[in-house]
Amino acid sequence: MYVVMREGLLVVTGEPGDWRTTTRFDGQHVECVAVSPHDPDRVFVGTFGDGLYRSDDGGDTFDRIAEGAADTEQYTAVAVSPHDPDEVWAGIEPSRIYRSADGGDTWEPRPGLTDLPSADDWWFPPRPDSHRVRSIEVSHDDPDRVYAGIELGAFVVSPDRGETWSEDVPGSRVDAHQIVTHPDDADRMYVAAGHGYAESRDGGRSWSQPDDQLPEESHHIWSVAPDPGDPDTILASTSEDAFTAHFDEADATIHRYRGDGAWEALDDRGIPTGEGVRAAVLAPGREAGEFYAVNNFGIYRTGDAGDEWTRLDVDWPEKFETQDPRGFAVVL
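Residues numbered from 1 in each chain as written. Predicted model: local features only at pLDDT ≥ 70, side-chain atom pairs only at ≥ 80, totals over all residues. Heavy atoms only, no water.

Caption draft 1: Highlighting the overall build of the protein chain. The helix and strand inventory of the protein chain stands at one helix and 27 strands. The C-alpha atoms of the protein chain give 18 Å as radius of gyration, which agrees with the globular expectation for 332 residues (20 Å, within 12%). Projecting the C-alpha coordinates of the protein chain onto the three principal axes gives extents of approximately 45 × 45 × 35 Å. Counting over 332 residues, the protein chain shows a buried share of 57%. When contacts within the protein chain are restricted to residue pairs at least 6 apart in sequence, long-range pairs at least 24 apart make up 49% of them. Carbon and sulfur atoms make up 42% of the accessible area of the protein chain, which totals about 13000 Å². (Helix = DSSP H or I, 4+ residues; strand = E, 2+ residues; numbered from the N terminus. Rg over C-alpha atoms; globule rule 2.2 N^0.38 Å. Buried < 20%, exposed > 50% of the residue type's maximum accessible area, 1.4 Å probe, protein only. Contact = heavy atoms within 4.5 Å. Areas by Shrake-Rupley, 256 points an atom, 1.4 Å probe, with all protein chains shown as cover.)

Caption draft 2: Representation of the side chain of E87. Structurally, E87 is set in the loop between β8 (75-80) and β9 (88-92). Residue classification places E87 among the buried residues on the basis of a relative accessible area of 0%. Engagement of the side chain of E87 in a polar contact is seen with the side chain of R99, the distance being 3.0 Å. The residues contacting E87, other than those within four sequence positions of it, are A79, V80, S81, R99, S100, P143 and R161. (Polar contact = N/O pair within 3.5 Å; in protein donor to acceptor, adjacent residues only side chain to side chain.)

Caption draft 3: The packing of aromatic side chains, seen in detail. Going through the model one piece at a time under the given rule, you end up with nine aromatic pairs. The interplanar angle of 80 degrees and the centroid separation of 5.4 Å between the aromatic rings of Y197 and W263 together place this pair among those described as edge-to-face. Of this pair, Y197 sits in strand β17 (residues 196-200) while W263 sits in strand β21 (residues 263-265), and the two are 66 residues apart along the sequence. On the numbers, 4.7 Å between centres and 20 degrees between planes, the contact of Y257 with W263 is stacked. Across the pair, W263 and Y257 agree in class, each one buried. Taken together, F25, Y53 and F62 form an aromatic cluster joined through their ring pairs. (Phe/Tyr/Trp six-rings, centres within 6.5 Å; stacked < 30°, edge-to-face > 60°.)

Caption draft 4: A negative patch on the surface, seen in detail. Residues E216, E217, E240, D251 and E275 make up a contiguous surface patch of negative charge. Along the chain, E240 turns up in the loop between β19 (230-239) and α1 (242-246). (Patch = residues over 30% accessible without salt bridge, like charges linked within 9 Å, V, L, I, M, F, W, Y side chains within 5 Å. Salt bridge = Lys/Arg side-chain N within 4 Å of Asp/Glu carboxyl O. Lys, Arg positive; Asp, Glu negative; His and termini not counted. Charge placed at Lys NZ, Arg CZ, Asp CG, Glu CD.)

Caption draft 5: Examining the sheet that holds strand β5 (residues 43-47) more closely. If you walk across this open sheet you meet the four strands as β4-β5-β6-β7, and the pairing is antiparallel. Here the strands that pair on one side only, and so sit at the sheet edges, are β4 (30-35) and β7 (63-65). On average, each strand axis in the sheet is inclined to that of its neighbour by 30 degrees, with strand direction left out of account. Pairing between strand β6 (residues 52-55) and β7: three bridges, direction antiparallel. Bridged to R54 within β7 is D63. (Pairing = 2+ DSSP bridges. Axes fitted to C-alpha atoms, helices over the stretch in contact; angles between N-to-C directions.)

Caption draft 6: Main features of the pattern of salt bridges. Applying the stated criterion across every chain, the model contains 31 salt bridges. For D144, the salt bridge goes to R161, with nearest N and O atoms at 2.5 Å. With a gap of 17 residues between them, D144 in the loop between β12 (133-138) and β13 (146-150) and R161 in the loop between β14 (154-158) and β15 (176-182) connect regions that are remote in the sequence. In this structure D144 comes out as partly exposed when scored by relative accessible area, which is 29%. Each of the salt bridges in this network shares a partner with another, and the network as a whole consists of R6, E31, E93, R127, R132, R134, E151, D324 and R326.

Caption draft 7: Representation of unusual backbone geometry. Of the consecutive residues E93 and P94, the connecting peptide bond is found in the cis state with omega at 0 degrees. Assignment of secondary structure puts P94 in the loop between β9 and β10 (96-100). Even without glycine at this site, F25 takes up a positive phi of about 55 degrees. Structurally, F25 can be placed in the loop between β3 (18-24) and β4.

Caption draft 8: Fine view of the pairing of β5. Among the five residues in β5, five count as buried, and that is most of the element. Taken together, the four bridges between β5 and β6 define a ladder with antiparallel strand orientation. Each residue of the ladder has a partner; that of F44, found in β6, is R54. The turn linking β5 back onto β6 is made up of four residues, and G49 within it adopts a positive phi angle of 120 degrees.

Caption draft 9: Structural context of the environment of Q213. Tracing the backbone shows Q213 in the loop between β17 and β18 (220-227). With 44 residues separating them in the primary sequence, Q213 and Y257 have C-alpha atoms 10.0 Å apart. Q213 has contacts with G261, A262 and W263, leaving out every residue within four places of it along the chain. From its side chain, Q213 meets the backbone oxygen of G261 in a polar contact 3.4 Å long.

Caption draft 10: Fine view of the pairing of β9. Where burial is concerned, most of β9 is hidden: five out of the five residues are buried. Residue alternation in β9 divides its side chains into two sets, V88, A90 and I92 and W89 and G91, and both sets are buried. As judged from the five bridges shared by β8 and β9, these two strands associate in the antiparallel manner. Following the sheet pairing, A77 is matched in β9 by G91. Where β9 hands over to β10, the hairpin turn is made up of three residues, counted between the paired strands.

Have a look at this one:
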């Protein structure tokens, strides 16, 4: 497992009863992580200010890559294509997207992103004169089709590996914090966004927003994960706004949605929620009902879609209790 906290990367190896942890990038502003679906030892980590890194040994060592590829070292999103182990995508602040066809050795810019009609209105509240790519997802049924979320900006799609971009995606949510595809159903996609939730049943070509019954104070969604055994069941990391998701005013929880319109808050289930809890990052497990979650108090697992959670017995640095999780990759 790879846990991205605001000031470090926690690498967790081993197995239940024998977990081992190592902190990498200690004190650095880390923003994103991606593990190759083709090689679990290949890991990409993006930092805010110190560029992009790659590990080929499961996080034991990292080498800096992409130096000079972009006009900034502020990497905010990274993804590996499910079709090609050498195809890697990266997003930066201000919003630009880059693609590598050789596992990260060389990079090329993908043009036209900021030529979109809405680009003049993109802005990131902590730095209103800027904006950034927060999420990238390559379609699981079409290797040429790529989705990206501009934080508080747009939801965009490219049909041709980033040669051209469009924001004409019916029903999509702007401010997409996370874009996820179901591991066993490429047609089912999910978006966690700053103003709510969206899902697709046709591989991302159109979207619906079934979050009418989600409480108003929970419409800021930081992360989403589908049940490996049931694409209609999802867990979402929710809060009122960015302040209660990530900062000292933290007051976040987890909601469950089963495709019937109703949203259920998973409070008092064994995972901390509420005051003092920063928004979790979620990940599906391997079995039906299995999810993992990381917040500022540790890593948690459920085997029944959130009814009961157990904290993993891993060494959790005390300083992480006042930091927010930025990314999470579970290797099973």
